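Chain and residue survey
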Amino acid sequence: MILGLDIGGANTKAASADSKYAKSVYLPLWKNSPLEKVLKRINAEQKPEAVAVVITGELADCFSSKREGVESIMAVACRAFSCPVYFWGHDGFARNDIINPTNSTGIIDMINTTDILHVAAANWSASAALLAREIGDCLFVDMGSTTTDLIPIRARPLAAKTDFLRLARGELVYMGLLRTGLACILPVARIRGHYVPLAPELFAIIADARLVLGHIDLDRYACDTADGKDKGRHSSLRRLARSVCADLEEIGECGALAIAEQACTEQKKALVAAMERQAERQGLERVAAAGIGEWLIAEAANTLGMECILLSELYGSRISDVFPAYAAARLLETYPVYLQG
């Protein structure tokens, strides 16, 4: 059994190369979540023969730098598994990437001999490498709870290598289906004929808007609420009202729903604009959509008149949600060093 892991700041995702196993666990690293304990449980339950890891959690603010974040996550992954662990970087599996957890110096040797920042924020690279092989030219768009990757593929992935440069080029949009603060998407709302600026405070997130409009159910609200309270519809409506410094009784349910509808409309507009920019730049005519926001990507592609390939239809909905982890596992299947044992 070959296991792939995508260890992010908010969620850790796992998938097997044969697609029979897929799981996503909300583990906010900045809250000292028990990452190692969860990985050890996965190891005990699945008993993998080898593990391929992609890392995106190095930006969590529990780490003072990306390097510290990568080193910490690598060390945890190596301690958790009783089999060889491989790390995927922007240009493929990193040098000295086979870590034998029974050798206490293995992770130290790797850190000393590898530019480990090549391993930072490389989950999109694994996904795009697999799709370049199995689908071909396309704009790969993966919307998760926090961010959206837009990776042009023309024979090979054409994105920049760092989050900083991908942000600059529009290949990374810091906007997701759940965790994005409402004011980041909707600066001003129209309520009862008034144009009301949203307070630049974390009073509500886009998941509240998605929930009250029926776009997601409670199971899909897979993150913390802004106020730490429950995720029910009434509480979400109350948080939406708070985003304009009001109580729900002040603006009513209609006012809160108006905020939700406008926020979701603006998010879709932002996604359409980001996809259009990348598609035009590279002359791409089709989109490969993945992640929990796959359906929203499909709507955006339809708006642009682009063909849309849903990875849920090719690989299954559970795999689409955790595609970078699955891609890492699939890539390890054909990795020469692994094949040589």
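The paragraphs below set out a description of the structure included in this document. Nothing here was measured: the structure is a model prediction, and the numbers come from that model.

Digging into helix H4 (residues 123-134)
Spanning 12 residues, H4 covers 17 Å between terminal C-alpha atoms, matching the ideal 16 Å at 1.5 Å per step. Every buried residue of H4 is listed here: Asn123, Trp124, Ser125, Ala126, Ser127, Ala128, Leu130, Leu131 and Ala132. Backbone geometry just downstream of H4 places Gly136 in the positive-phi region, at approximately 100°.

What to know about the pattern of salt bridges
For the structure shown, the criterion picks out 18 salt bridges. For Arg166, the salt bridge is made with Asp163, and the minimal N-O distance between the two is 3.0 Å. Of this pair, Arg166 and Asp163 both sit in helix H5 (residues 163-169), separated by 3 residues, roughly a single helical turn. Across the pair, exposure class does not vary: Arg166 and Asp163 are buried alike.

Observations regarding the pairing of strand E11 (residues 188-191)
Only one face of E11 is buried, namely the one carrying Ala189 and Ile191, since none of Val188 and Arg190 on the opposite face is buried. The pairing of E11 with strand E12 (residues 194-197) spans 4 bridges and is classified as antiparallel. When the sheet's bridge partners are listed, Val188 is paired in E12 with Pro197. Taking the residues between adjacent antiparallel strands as the criterion, E11 and E12 are bridged by 2 residues, where Arg192 takes a positive phi near 55°.

Quick notes on the nonpolar core
Counting residues in hydrophobic clusters, the biggest one holds 51 residues, and the most contacted among them are Val141, Leu182, Leu240, Ile259, Leu271, Met275 and Ile297. Elements that contribute at least two residues to this core include exactly strand E7 (138-143), helix H6 (182-185), E11, helix H7 (206-212), helix H8 (233-242), helix H9 (248-282), strand E13 (286-290) and helix H10 (294-304). At 13 residues, the largest contribution of residues to this core is made by H9. In this structure, Leu271 is in contact with Val141, Met143, Thr148, Met175, Leu296, Ile297 and Ala300, ignoring residues within four places of it in sequence.

Focus: helix H1 (residues 35-46)
Taking 1.5 Å per residue as the helical rise, H1 with its 12 residues ought to reach 16 Å, and the 16 Å between its terminal C-alpha atoms agrees with that figure. Next to the buried residues of H1 lie strand E1 (2-7), strand E2 (11-16), strand E3 (22-26) and helix H2 (66-80). Backbone geometry just downstream of H1 places Lys47 in the positive-phi region, at approximately 50°.

Overview of the environment of Glu299
Among the secondary structure elements, Glu299 is positioned in helix H10. Along the chain, Glu299 and Asp321 lie 22 residues apart, while their C-alpha atoms are 17 Å from each other.

Each value, and the rule that gives it
Residues numbered from 1 in each chain as written. Predicted model: local features only at pLDDT ≥ 70, side-chain atom pairs only at ≥ 80, totals over all residues. Heavy atoms only, no water. Helix = DSSP H or I, 4+ residues; strand = E, 2+ residues; numbered from the N terminus. Expected span 1.5 Å × (residues − 1). Buried < 20%, exposed > 50% of the residue type's maximum accessible area, 1.4 Å probe, protein only. Salt bridge = Lys/Arg side-chain N within 4 Å of Asp/Glu carboxyl O. Pairing = 2+ DSSP bridges. Core = buried A, V, L, I, M, F, W, Y, C linked by side-chain atoms within 4.5 Å. Contact = heavy atoms within 4.5 Å.

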